[in-house]
Amino acid sequence: MNVFNEERIKKVIGARAIKKAILYLLIVIVMTMFLFPMFWFFLASLNSEEAIRGGVGLLPVNPTLDSYAKVIFGIPDFSKAFINSLIVCVCTTVLVVPLASMAAYAFARLRFRYKRLIFFILWMGYIIPTLAVVTPMYFLSQWLGLYDTVFVLILCYSASLLPISIWLLRGFFLSVPREVEEAARVDGCSVFQAFWKVVVPLVKPGIAVAAVFTFIVSWNDFLFAIILTGARTKTIQVAMAQFVGEWGVNLSNLITGGFISMVPTVVLALLFQKYIIKGLTEGGIKG
Amino acid sequence: MRGPKIGYPLLFLLPTIIIVFGVLGAPAIYSFSQSFYKISFLGAETTGFVGIENYIKAINDPRIYDILYNTIFFTILSVVLTFSLSLLLAFLLNEEFRGRTIARALILLPWAISGVGNGTMWKTLFNYHGVINEGVIALGFPRMPWLADPPLIRFVLILAQSYLLVPFCTFVILAGLQEIPKNLIESTKIDGASALQRLRHLTFPMLKPALMSALLVSTIVCIKVFDIMYVITAGGGITGGAIGPTRVIYYYGYEQIFVFFRVGYGLSIIWILCAIVFVFSVVYYTATYSKEIVQ
């Protein structure tokens, strides 16, 4: 070992350490800036109504959960809208997941004519701008007496989420080895039995992602809801959008209400982040 | 599996086809046909088939060009901002560091929030007495009327839209980055390629499909922006309306149909928008899905 080499090694290690330090610094700065709005929104929700009368600062003054109690128990419109959203989104998810699984299985495994054409047409359903569809739905639901019912909303969400759920699930079905089904068929299962009893249990993670996607996207929808719901069944997003106008002066309710409306989807996204990221990158899904 | 009977695919697909056609397909066809009618609920006006008159009216509508300009301006700037941020985040998250899994999970969060929630959040951030203005004051400037001044509110809207799009674009680009084989990078390093050369001849060409799909999806999302506009500019009240320089085409169509009840005319605007979105979407579809469907 000569001294020269040791010095060189030290230099290289030193350069690496500096590079690493810069990387960490950059990550911390970028992440902080990126997450600041959401984190600040949470902090601001801890203010009491009086504390932010003059404006909302960086940190909460005397943090309390008062505003949460006020929004949840004091504003019936808000809690009702929250429950409406829950009902609609759960029903949509329950309807979409089994139907999408069946269709996805057909696209992944069964052979039939016009497969590509049928898929393309379904996919058109996904890209068609909501307003083009919701306008006739509005007049139709008025005419059928179904305006302002959860039924119409559930149907609309199901239809617009089926194509993308199918795409998501299809990938999972493709990853199941064909031999598994063939063995089941040899043992005397019908195609449907092989699908339901053998394949579906193997794609549980896929079913979980499809369910979470469906729930989050329907929870966050605004355009269908603002047009198809009235006072009775308005969803949380519609209620929030109206509060922005009405509560213009009451920032406390607005911030806390807004934050509460984000909680369900953010929690789900955190719990299933690994799968959601997979879905985002493979399915090309942006809400 | 050989020779499945035709009955099975039908059984598996029928419920989906019925719902998607019944709820999306049929109304879409109907709304397209209605765009050739004059439909108004304001008593005195006549209703009837007018051919392409609505479309001609749209082309001659002096406001539509301002609105198209607003939409394009908003879309381009949002996409540029989204891409700069997403590229930075994707390259950072591609490095190995402690806490990378947590960082990725946190980057995903804005994806999960709604347009309305996001709009509310940015509206309070940029409130006249809000935290951004406190920062502005701390830096020694006067309070800025973020939500009242047209250029400033445009900036807030672009920021809010990009915030929602960044997670999606970041993960798509990141997935593209991870597909570049590690040993390829190593071997170019050994061959003495500079970082810039590597970026130009290796990283960028291999990243192109991911960039394309992120670009197309975010463009479509921006063209169809609605809820952020509704919350931040219209103040939630229908009568308020999006103020002039921020009114975009989707919002204009909505307003024509549901505020002024010019249904036929509003629908013709929506279908012009559909045509634009459709072109983008077909490019996207053929680039990503098409090859994979038939194995």
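All figures in this text were calculated on a predicted structure; none of them were measured in a lab.

### A short note on the packing of helix H3 (residues 76-109) of chain A against helix H11 (residues 236-246) of chain A
All names here are of chain A.
Here's step 1: As a packed pair, H3 and H11 sit with axes 7 Å apart at the nearest point and diverge in direction by 150°. The angle between the axes of H3 and H11 places the two elements in the roughly antiparallel class. Residue-level contacts link Asp77, Phe78, Ala81, Phe82 and Ser85 of H3 to Ile236, Val238 and Ala239 of H11.

### Some words on the interface of chain A and chain B
Here's step 1: Counting residues at the interface gives 85 residues for chain A, matched by 83 residues for chain B.
Here's step 2: Examining the composition of the side of chain A that touches chain B, we find that 13 residues originate from one element, helix H1 (residues 3-45) of chain A, more than from any other.
Here's step 3: For the side of chain A that touches chain B, a count of residues per class yields 59 nonpolar, 18 polar and eight charged.

### With respect to the nonpolar core
Residue and element names in this part refer to chain A.
Here's step 1: Formed by 166 residues in total, the largest nonpolar core has its most connected members in Ala100, Ala103 and Cys156.
Here's step 2: Counting the residues that make up this core, at least three belong to each of domain 1 (3-45) and domain 2 (68-283).
Here's step 3: With sequence-adjacent residues up to four places away left out, Ala100 is seen in contact with Leu162, Ser165, Ile166, Leu169 and Ala210.

### With respect to the domain arrangement of chain A
Here's step 1: Here chain A is described as being made up of domain 1 (3-45) and domain 2 (68-283).
Here's step 2: Put simply, the middle of domain 1 of chain A and the middle of domain 2 of chain A, counted by C-alpha atoms, are 39 Å apart.

### Here's the deal with unusual backbone geometry
All names here are of chain A.
Here's step 1: Phi is positive for Tyr114, close to 60°, though the residue is something other than glycine.
Here's step 2: The topology assignment puts Tyr114 in the loop between H3 and helix H4 (115-127).
Here's step 3: Since 10 C-beta atoms lie within 10 Å of it, Tyr114 is described here as exposed.

### Some remarks on helix H6 (residues 150-174) of chain A
All names here are of chain A.
Here's step 1: Taking 1.5 Å as the rise per residue, H6 with 25 residues should run 36 Å; its terminal C-alpha atoms sit 35 Å apart, in good agreement.
Here's step 2: Along H6, the largest kink reaches about 40° and is centred on Leu162; proline Pro163 follows within four residues of it.
Here's step 3: Within H6, 21 of the 25 residues are buried, which leaves the element mostly enclosed by the surrounding structure.

### What about the confidence of the model for chain B?
Residues and elements named next belong to chain B.
Here's step 1: In the predicted model, chain B carries a mean pLDDT of 83, and the fraction of residues at 70 or more is 88%.
Here's step 2: When the criterion is pLDDT under 50, residues 235-242 qualifies, and its contacts beyond four places in sequence or with other chains add up to 20 contacts.
Here's step 3: Interface confidence for the predicted complex, given as ipTM, is 0.88, next to a pTM of 0.89.

### What to know about the environment of B:Leu10
All names here are of chain B.
Here's step 1: Following the sequence through the fold, Leu10 ends up in helix H1 (residues 7-34).
Here's step 2: The class of Leu10 is partly exposed, set by 13 C-beta atoms lying within 10 Å.
Here's step 3: Sequence separation between Leu10 and Thr47 is 37 residues, and the spatial gap between their C-alpha atoms is 41 Å.

Parameters at a glance
- Residues numbered from 1 in each chain as written.
- Chains lettered and ligands numbered in written order.
- Predicted model: local features only at pLDDT ≥ 70, side-chain atom pairs only at ≥ 80, totals over all residues.
- Axes fitted to C-alpha atoms, helices over the stretch in contact; angles between N-to-C directions.
- Helix = DSSP H or I, 4+ residues; strand = E, 2+ residues; numbered from the N terminus.
- Parallel < 35°, antiparallel > 145°, perpendicular 65-115°, else oblique.
- Contact = placed C-beta atoms within 7 Å.
- Nonpolar A, V, L, I, M, F, W, Y, C, P; charged D, E, K, R; others polar.
- Core = buried A, V, L, I, M, F, W, Y, C linked by C-beta atoms within 7 Å.
- Buried ≥ 20, exposed ≤ 12 C-beta atoms within 10 Å, placed from the backbone.
- Domains from an automatic or database assignment.
- Expected span 1.5 Å × (residues − 1).
- Bend = angle between axes of the 7 residues up to and from the residue.
- pLDDT = per-residue confidence, 0-100.

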